[in-house]
Amino acid sequence: MATVPVVPPAAKAAETAPGLRASLRPQTRPAALARLARGALVPDGRQAVAPRAEPFAHTDIARGAHGCSTRLARGIPGRPRGALSGNAIGARMSGLHGGDRDALIVQQALAGNIPDFLRELTPVRVSGRLPGGRRADVTICVTPDYLALGSDADFVRVPMGLPAAARIADRFGFLLPTTRMVDAIYGQARMRLAPRPMQPGAQMSSTRYFLQHNRTVEGQTGGREGQLTAGQKKDLVLTNRLRSHPGRVAIYGWHKPDGHPIQPLSTVHGAYYSDYSHGVRLVSQTAFVDGRPVSLASLLANPSYAQMLTGEGPIAAPERLMASLYR
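Residues numbered from 1 in each chain as written. Predicted model: local features only at pLDDT ≥ 70, side-chain atom pairs only at ≥ 80, totals over all residues. Heavy atoms only, no water.

Here we look at the sheet that holds strand S8 (residues 234-236)
Sheet strands pair via backbone hydrogen bonds, and the direction of the pair is either parallel or antiparallel. Strand order in the open sheet formed by four strands is S10-S9-S8-S11, with mixed pairing between adjacent strands. The open sheet has two free edges, formed respectively by strand S10 (261-266) and strand S11 (278-279), since each of these has just one partner strand. One ladder, built from three bridges, connects strand S9 (residues 251-255) with S10; its direction is antiparallel. Within S10, the residue paired with Ile251 across the bridge is Ser266. Contacts from helix H7 (residues 179-188) reach S8, S9 and S10, with the element oriented near 15 degrees to S9. (Pairing = 2+ DSSP bridges. Helix = DSSP H or I, 4+ residues; strand = E, 2+ residues; numbered from the N terminus. Contact = heavy atoms within 4.5 Å. Axes fitted to C-alpha atoms, helices over the stretch in contact; angles between N-to-C directions.)

Here it is in structure tokens:
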């Protein structure tokens, strides 16, 4: 069996994957996201760049339940005093669309305007058989809900295009989930919400629609944030299709009560597309095998573990793939 190196989840800059550079040239991107990719966070144009995740001692995280302690979320800056509430962010986004809206989301997220409950990562176990037949259990550490902006008392879940999602995840030291991880999250969620689709059409990508859907989800949760919740959104996922289908976003999930997803894995939409049904779930770059902290990227690239974690075989250098998606 191939060995899996034990490494800290330091977020690293990466070169753009072949084929993606040409398909995502700045002149073909929405103007706001082109500026975002160069580091200029709009609309206020300030260079408010949060520090990247740093290496840490594995003994520090071993104290948490299954290792999924807040230590793994240390790459997320603390929420600033006087940060905008969810309602205020919704009002500010009301006149924005597409890339401009995504740029505001990235600005707020990188500044740390994220509810504290999302920093309490939840363990999810993914089990399977290794090539030799031995059973293996991998514990991944995930945010209990989809990425949101604001405070614990007043927040809004924010759909966004893939470049914005990848930038936030990579900066904080996280990855996006795979389809297998999404299935495991739903299967182990303490709160499973029935999907609440809205009328399809051009309005699906409007701010009004996703704010309305956020209110619907809030009505379903009853304000019980902090526990692992699933079924309320489709996921932006990490897959090898992002290499073979450059310039696209991969979405999957929105499980029904019978456990079957409404959305099979799809790359039909362009990378900058988002609508009310999309969500961004973050997965720590540190996972645990038999209680031992290992690099999730190494597991995803390891043929012995990849099938059980991805359902499609190894995903080579997933951290580089993530970084390439917003350059």
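A few points about the side chain of Thr179
Tracing the backbone shows Thr179 in helix H7. A polar atom in the side chain of Thr179 sits 3.5 Å from the backbone oxygen of Thr310. Beyond its immediate sequence surroundings of up to four residues, Thr179 is in contact with Val237, Tyr252, Leu265 and Thr310. (Polar contact = N/O pair within 3.5 Å; in protein donor to acceptor, adjacent residues only side chain to side chain.)

A look at the packing of helix H5 (residues 98-110) against helix H6 (residues 162-172)
Between H5 and H6, the least distance of the axes is 10 Å, while the angle of their chain directions is 10 degrees. The angle between the axes of H5 and H6 places the two elements in the roughly parallel class. Here H5 and H6 pass one another in a crossing that is right-handed. Note on element contacts: H6 touches H5 through Ala164, Arg167, Ile168, Arg171 and Phe172, opposite Asp102, Ile105, Val106, Ala109 and Leu110. (Parallel < 35°, antiparallel > 145°, perpendicular 65-115°, else oblique. Left-handed = near helix turned anticlockwise from the far one by under 90°.)

Comments concerning the nonpolar core
Ile140 and Leu296 are the most contacted members of the largest nonpolar core, which totals 83 residues. The element best represented in this core is H6, accounting for seven residues. The residues contacting Leu296, other than those within four sequence positions of it, are Ile140, Leu175, Met181, Val283, Ser284, Gln285, Ala287 and Leu309. (Core = buried A, V, L, I, M, F, W, Y, C linked by side-chain atoms within 4.5 Å. Buried < 20%, exposed > 50% of the residue type's maximum accessible area, 1.4 Å probe, protein only.)

Thoughts on the environment of Gln263
Structurally, Gln263 can be placed in strand S10. Distance from Gln263 to Gly253, taken between C-alpha atoms, is 5.1 Å for residues ten residues apart in sequence. Once residues within four sequence positions are removed from consideration, Gln263 is found in contact with Lys234, Ile251, Tyr252 and Gly253. A distance of 3.4 Å separates a polar atom in the side chain of Gln263 from a polar atom in the side chain of Lys234.

Notes on unusual backbone geometry
Although it is not a glycine, Trp254 sits at a positive phi angle of roughly 65 degrees. By the element assignment, Trp254 lies in strand S9. For Trp254, a relative accessible area of 4% puts it in the buried group. Positioned with a positive phi, Asp290 is a non-glycine residue whose angle comes to about 55 degrees.

Some thoughts on the side chain of Thr122
You can see Thr122 is positioned in strand S1 (residues 122-129). Once residues lying within four places of it in the same chain are set aside, the contact partners of Thr122 are Cys68, Ile140, Cys141, Val142, Pro144 and Leu228.

Here we look at the packing of aromatic side chains
On inspection of all chains with the given rule, the structure shows three aromatic pairs. Where Tyr209 meets Tyr276, the ring centres are 5.6 Å apart and the plane angle is 80 degrees; that geometry is what we call edge-to-face. Remark: Tyr276 occurs in the loop between S10 and S11 and Tyr209 occurs in helix H8 (residues 207-221); sequence separation between them is 67 residues. Connected via pairs of aromatic rings, a cluster forms that spans Tyr209, Trp254 and Tyr276. Note that Arg192 overlies the ring of Tyr186, its terminal NZ or CZ placed 5.3 Å from the centroid. (Phe/Tyr/Trp six-rings, centres within 6.5 Å; stacked < 30°, edge-to-face > 60°. Lys NZ or Arg CZ within 6 Å of the ring centre and 35° of its normal.)

Observations regarding the state of the cysteines
Evaluation of the coordinates by the stated rule reveals one disulfide. One disulfide in the model links Cys68 with Cys141; its S-S distance is 2.0 Å. Taking the sign of the torsion about the S-S bond as the criterion, the disulfide between Cys68 and Cys141, at about -75 degrees, is left-handed. Residue Cys68 is found in the loop between helix H3 (58-61) and helix H4 (86-93), and its partner Cys141 is found in strand S2 (residues 135-142); the two are separated by 73 residues along the sequence. Of the two residues examined, Cys68 and Cys141, each falls in the buried class. (Disulfide = S-S within 2.5 Å.)

Details of H5
The end-to-end C-alpha separation of H5 is 18 Å, in line with the 18 Å expected for 13 residues at 1.5 Å each. Among the 13 residues of H5, eleven are classified as buried, and the element is accordingly described as predominantly covered. By the burial criterion, the buried members of H5 are Gly99, Arg101, Asp102, Ala103, Leu104, Ile105, Val106, Gln107, Gln108, Ala109 and Leu110. Among the residues trailing H5, Gly112 stands out with phi positive, at a value near 90 degrees. (Expected span 1.5 Å × (residues − 1).)

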